[in-house]
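Secondary and tertiary structure notes
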Number of protein chains: 2
Amino acid sequence: MAKELTPRSENYSQWYNDLVVKADLAEGSAVRGCMVIKPYGYAIWEKIQHELDRMFKETGHVNAYFPLFIPKSFLSKEADHVEGFAKECAVVTHYRLKTNPDGSGVVVDPDAKLEEELIVRPTSETIIWSTYKNWIHSYRDLPILCNQWANVVRWEMRTRLFLRTAEFLWQEGHTAHATREEAEKEAKKMLNVYADFAENFMAIPVIKGVKSANERFAGALETYCIEALMQDGKALQAGTSHFLGQNFAKAFDVTFLNKENKQELVWATSWGVSTRLMGALIMSHSDDDGLILPPNLAPYQVVIVPIYKNEEQLATIDATVAEITQALKAQGITFKYDNADNKRPGFKFADYELKGVPVRLAIGARDIENGTIEVFRRDTKEKETVSINGIENYVKELLADIQKNIFKKALDYRKSVTRNVDTYDEFKVEIEKGGLLLCHWDGTPETEEKIKEETKATIRCIPLEGDKTPGFCMVTGKPSKQRVVFARAY
Amino acid sequence: MAKELTPRSENYSQWYNDLVVKADLAEGSAVRGCMVIKPYGYAIWEKIQHELDRMFKETGHVNAYFPLFIPKSFLSKEADHVEGFAKECAVVTHYRLKTNPDGSGVVVDPDAKLEEELIVRPTSETIIWSTYKNWIHSYRDLPILCNQWANVVRWEMRTRLFLRTAEFLWQEGHTAHATREEAEKEAKKMLNVYADFAENFMAIPVIKGVKSANERFAGALETYCIEALMQDGKALQAGTSHFLGQNFAKAFDVTFLNKENKQELVWATSWGVSTRLMGALIMSHSDDDGLILPPNLAPYQVVIVPIYKNEEQLATIDATVAEITQALKAQGITFKYDNADNKRPGFKFADYELKGVPVRLAIGARDIENGTIEVFRRDTKEKETVSINGIENYVKELLADIQKNIFKKALDYRKSVTRNVDTYDEFKVEIEKGGLLLCHWDGTPETEEKIKEETKATIRCIPLEGDKTPGFCMVTGKPSKQRVVFARAY
């Protein structure tokens, strides 16, 4: 195999990178920290977009589009916000190039300097709330429930494909409400949409929680999040939904006339998921042979490979496959029939395993005689020979089973590495083993900071569900309201 | 009516701007030249995207995503290309802000200057061909048929919503081929896809042609285009498809081993349409009361407005409408039922006319008794009272008729203002009246330039179809191969 991956046990990080590149998901580019999302990777992202977009619309949201650039002065209007983003901003300072007087290419034209620099959006709260100011006058204009699919730029120093790139693709919802209650309800609603999507489409179990103050979004009063666990025992934040209070309404002076004819500040939320989800998807399920995709997000759920010795055999197989694919189509199953003759079946098998196609059907001349077909499931690598008759129903059930099975596998793994830890000494030992540690914490940023410095572990979230028994902080012994989730994280 | 538009006869340009803003399609933003695409406008763009994306995939293309930024040196690699775009580039020079020492907000951190400036992509040929270099080794790697949906930035000095904005949304296809013939075929194929889309979805008749050298894309050997005519007699370029020859392969050293085991340069095309199509859509069909949308691209094709005096009547109407909407849904017809009680029917009628909803159904208590419903079609403003029984079939046929009718209206108008002009004196008079002038031209850039300077008219295209009779240039009297299309243009 030309496309062998570094085994996970040897170097997890290298395995990840090998997989992303060799399965044709993404690659680095000539621009530092920016990636190229290749067609196969982009096809998965399109499936993610499609399902999320449907879920957003079903919950009453509409799409819109706001400018790529943000005037520098806008960022400064919300103090925490600018503090959070200023250090990683791509700044546009000029709007023209000119030929270098010495003839060697082009240089920035010093006469084309912008009066005010523009920031390539790292997130769009400021430009959107400056727009909402014109849209909102009375309670009748509320709520506003907008989402945008866009690219954003955060100048990260250490980048990794999908997980942390200078430019990434995402959606950002920005809603405006008349009351605090309604905004808080919206933020929680979108958290549930994300959790639903993660578990039922990505097959990734997630913990719903709120972030501690240290980990909160710059400008939010509360950040809700879904946290996932990767196979190497590290956590990954998969989506966030922020209750922004009236911070951005204050910063951009957005008020409305309420039913009692009084001016009030508007309440806000924002929520987003990004191409980072691709990283989560890859690291949750895949193995040393390649990607394992949940059927609900696979670009094609089934690949069919013919095994033949001559053109005549291929013609017979083609005819049978035509019937099979028609039956699959009728069941809403997506497929690819790969009868290209420039690659051997063994090469194709390995390539589709690398690409994580959930089900492979292989069919040869002998199969046609017997009315059978070989079915291979990518998740468990089990092979079976079944009857061609009714194959569409067999595959349909199999796909549902694979979707369930990879979720269960991820959930079982998470359970196996989630444990209560009660002393800081034990914590220091356990954190080295990875996984999620449920511990009591006194609720102070100082204690959290100390733990982070000494162990590289952060509070991933304060879970919304599950055990809420109070206790005492493992570090300071002070009272704790409930256990929180600690882990090292991506 | 609070939302009255400036009549077209009074000020066409103001009418356009009024309409874009008041129909909630788009508006200006705090960033010079950048627009906000509002939810209703974006919903139309989403329909455009959806149909085009389907057509691209049906013709074998896949989507991918390439970086927003282009290293400055890349732009210089193709001489014509840099010449064409250097004057309108947004340039990123720094990657960090810092707090102003005097405490007043943030300033660009001079220590965070990029070694090489990055250009916000005005188009992606250079970054994509630098990537293709790694993807292409042998003839087996060809063709590559990629498309990307993206935002691009061209720093235009005079901007107009949708028609010319500093940032706009578009798709750009970039294909790589082993032979000249295949690339030329691809460029023409995509031109036909665009023409098909323009005529059958946007209901805009277009002329397919090639651009003269003066109007060619910077870096192309041939630019194919579809040209549309707006109601004010000005032309608008609605889409372009470029045969790029081997220019970008040369610039980025992209070669492949052909079947004879020889290294050859790769052949290229690129093709794109943008949010400019929204401007074409608006200006082709709309009237002084607002937008007229083709049913094939309307966010909702039907709006239903109840007319009632009390809650009891509304309840009865709601029940009947529930049956109607179910029947519409079964026919694949999209609709909105507006029973909001904070606006009067007359206000709603005007608002949906402004928004161009193709069909309005109005239903009152008397209608329920009679088993009838009032049907209003936006294009001709005809009203009819028809039976509720079978309304879904009536509406379905009506939508098809509207789609056909607005195309025919646009085509009839174009025919009425398209004429042959044989002398330059006549040309100077006729061009003031607008419309398309079919004239003989000697094929030289000099003559074209002279005409442009003296009359502000440009050659929109050299038509691929229609009359190919040779003649003599109206300006120089030199031989001309065929008539070409002159017009003033957006």
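Residues numbered from 1 in each chain as written. Chains lettered and ligands numbered in written order. Predicted model: local features only at pLDDT ≥ 70, side-chain atom pairs only at ≥ 80, totals over all residues. Heavy atoms only, no water.

The subject of this paragraph is the packing of helix 1 (residues 12–22) of chain A against helix 8 (residues 276–285) of chain A. All names here are of chain A. Taken N-terminus to C-terminus, the directions of helix 1 and helix 8 make an angle of 115 degrees; their axes are 11 Å apart at the nearest point. Handedness of the crossing formed by helix 1 with helix 8: right-handed. In contact with Tyr12, Trp15, Tyr16, Leu19 and Val20 of helix 1, helix 8 contributes Gly279, Ile282 and Met283. Residues of the contact of helix 1 with helix 8, tallied by class, amount to seven nonpolar, one polar and no charged. (Axes fitted to C-alpha atoms, helices over the stretch in contact; angles between N-to-C directions. Helix = DSSP H or I, 4+ residues; strand = E, 2+ residues; numbered from the N terminus. Left-handed = near helix turned anticlockwise from the far one by under 90°. Contact = heavy atoms within 4.5 Å. Nonpolar A, V, L, I, M, F, W, Y, C, P; charged D, E, K, R; others polar.)

All names here are of chain B. Here 11 strands make up an open sheet; going across it, the order is 3-9-10-16-13-12-11-24-27-23-22 and the pairing mixed. At either end of the open sheet lies a strand with only one pairing partner, and these are strand 3 (62–63) and strand 22 (418–420). Pairing between strand 9 (residues 144–153) and strand 10 (residues 167–177): 10 bridges, direction antiparallel. Looking at strand 10, one finds that Ile144 is bridged to Ala176. (Pairing = 2+ DSSP bridges.)

What follows covers the interface of chain A and chain B. Listed per partner, the contact involves 63 residues of chain A and 63 residues of chain B. Both sides of the chain A and chain B interface together cover about 5000 Å² of buried area, and 69% of this is carbon and sulfur. Along the contact surface separating chain A from chain B lie two salt bridges. Here Glu46 of chain B and Lys57 of chain A are joined by a salt bridge, their closest N and O atoms 3.0 Å apart. Where chain A meets chain B, there are 28 residue pairs in polar contact (both at pLDDT 80 or more). For the side of chain A that touches chain B, the per-class residue count stands at 40 nonpolar, 10 polar and 13 charged. With three bridges connecting them, strand 5 (residues 91–94) of chain A and strand 5 (residues 91–94) of chain B associate as antiparallel partners. (Buried area = accessible area lost by both parts, 1.4 Å probe. Salt bridge = Lys/Arg side-chain N within 4 Å of Asp/Glu carboxyl O. Polar contact = N/O pair within 3.5 Å; in protein donor to acceptor, adjacent residues only side chain to side chain.)

Turning to the nonpolar core, a few remarks are in order. Counting residues in each nonpolar core, the largest one holds 104 residues, and the members touching the most others are Phe69 and Trp129 of chain A together with Phe69 and Trp129 of chain B. In this structure Trp129 of chain B touches Thr175, Ala176, Phe248, Ala249, Phe252, Val254, Val266, Trp267 and Ala268 of chain B, once residues within four positions along its chain are discounted. (Core = buried A, V, L, I, M, F, W, Y, C linked by side-chain atoms within 4.5 Å. Buried < 20%, exposed > 50% of the residue type's maximum accessible area, 1.4 Å probe, protein only.)

All names here are of chain A. For Arg360, the location among the structural elements is in strand 19 (residues 359–364). Using a relative accessible area of 4% as the deciding quantity, one classes Arg360 as buried. Separated by 202 residues in the primary sequence, Arg360 and Arg158 have C-alpha atoms spaced 38 Å apart. Contact partners of Arg360, with chain neighbours within four places excluded, come to Val303, Phe349, Glu353, Glu374, Val375, Phe376 and Lys383. Reaching out from Arg360, the side chain makes a polar contact with the side chain of Glu353 at a distance of 3.1 Å.

Okay, the packing of aromatic side chains next. As enumerated under the stated definition, the model contains 42 aromatic pairs over all chains in all. With a centroid separation of 5.6 Å and 15 degrees between ring planes, the pair formed by Phe197 of chain A and Phe201 of chain A is classed as stacked. A single burial state applies to Phe197 of chain A and to Phe201 of chain A, both of which are buried. When the ring of Trp129 of chain B is compared with that of Tyr132 of chain B, the centres are 5.3 Å apart and the planes differ by 70 degrees; the resulting orientation is edge-to-face. With Trp129 of chain B and Tyr132 of chain B both in helix 5 (residues 125–135) and three residues apart, the pair spans about one turn of that helix. The class of Tyr132 of chain B is buried, set by a relative accessible area of 0%. Through a chain of ring-to-ring contacts, three or more aromatic side chains come together here, namely Trp45, Phe56, Trp149, Tyr194 and Trp271 of chain A. In this arrangement the basic side chain of Lys234 of chain A is found over the ring face of Tyr490 of chain A, its NZ or CZ atom lying 4.3 Å from the centre. The side chain of Lys355 of chain A reaches across the aromatic face of Tyr40 of chain A, ending 5.8 Å from its centre. (Phe/Tyr/Trp six-rings, centres within 6.5 Å; stacked < 30°, edge-to-face > 60°. Lys NZ or Arg CZ within 6 Å of the ring centre and 35° of its normal.)

Another point: helix 5 (residues 125–135) of chain A. Along an α-helix, residues three or four positions apart point the same way, because every turn accommodates 3.6 residues. Burial within helix 5 of chain A is extensive, with nine of its 11 residues counted as buried. Turning to helix 5 of chain A, its buried residues are Glu125, Thr126, Ile127, Ile128, Trp129, Ser130, Thr131, Tyr132 and Trp135 of chain A.

The subject of this paragraph is the pairing of strand 17 (residues 302–307) of chain B. Residue and element names in this part refer to chain B. The element strand 17 is extensively covered by neighbouring structure, given that five of its six residues are classed as buried. Of the strand pairs in this sheet, strand 17 and strand 18 (residues 335–337) are connected by three bridges, and their pairing is parallel. Among the inter-strand pairings, Val302 is bridged to a residue of strand 18, identified as Phe335. Each parallel crossover has a hand, and the one from strand 17 via helix 9 (residues 311–330) to strand 18 is right-handed. (Right-handed = clockwise from strand over helix to strand, strands pointing away.)

What follows is about the packing of helix 2 (residues 39–58) of chain B against helix 8 (residues 276–285) of chain B. Residue and element names in this part refer to chain B. Relative to each other, helix 2 and helix 8 sit at 105 degrees, their axes nearing to 10 Å. The orientation of helix 2 with respect to helix 8, classified from their angle, is roughly perpendicular. On helix 8, the residues touching Gly41, Ile44, Trp45 and Ile48 of helix 2 are Leu277, Met278 and Leu281. The class makeup of the residues in the contact of helix 2 with helix 8 is six nonpolar, one polar and no charged. (Parallel < 35°, antiparallel > 145°, perpendicular 65-115°, else oblique.)

After a rotation of 180 degrees and a shift along the axis of 0.0 Å, chain A superposes on chain B with an RMSD of 0.0 Å. Expressed as an axis order, the relation between the two copies is that of a two-fold axis. Within chain A, the C-alpha atom positioned nearest to the axis of rotation is that of Val92 of chain A, 2.1 Å from it. When the interface residues of chain A are mapped onto chain B, 100% of them are again interface residues, pointing to one common binding face. (Least-squares fit on C-alpha atoms with pLDDT ≥ 70 in both.)

Time to look at the side chain of Thr455 of chain A. Tracing the chain through its elements places Thr455 of chain A in helix 14 (residues 445–455). Residue Thr455 of chain A is classed as buried on the basis of its relative accessible area, which comes to 4%.

Residue and element names in this part refer to chain A. Following the criterion strictly, the structure yields 62 salt bridges over all chains and no others. The closest approach of N and O atoms between Asp24 and Lys38, which form a salt bridge, is 2.9 Å. Highlighted residues: Asp24 in the loop between helix 1 and strand 1 (26–28) and Lys38 in the loop between strand 2 (35–37) and helix 2 (39–58), separated in sequence by 14 residues. Asp24 sits in the partly exposed class, given a relative accessible area of 23%. The salt bridge involving Asp24 is made with Lys355; its shortest N-O contact spans 3.4 Å. With Asp24 in the loop between helix 1 and strand 1 and Lys355 in the loop between helix 10 (345–354) and strand 19, this residue pair connects regions lying 331 residues apart in the sequence. Residue classification places Lys355 among the buried positions, given a relative accessible area of 10%. Three or more residues joined by partner-sharing salt bridges are found here, namely Asp24, Glu27, Lys38, Asp351 and Lys355.

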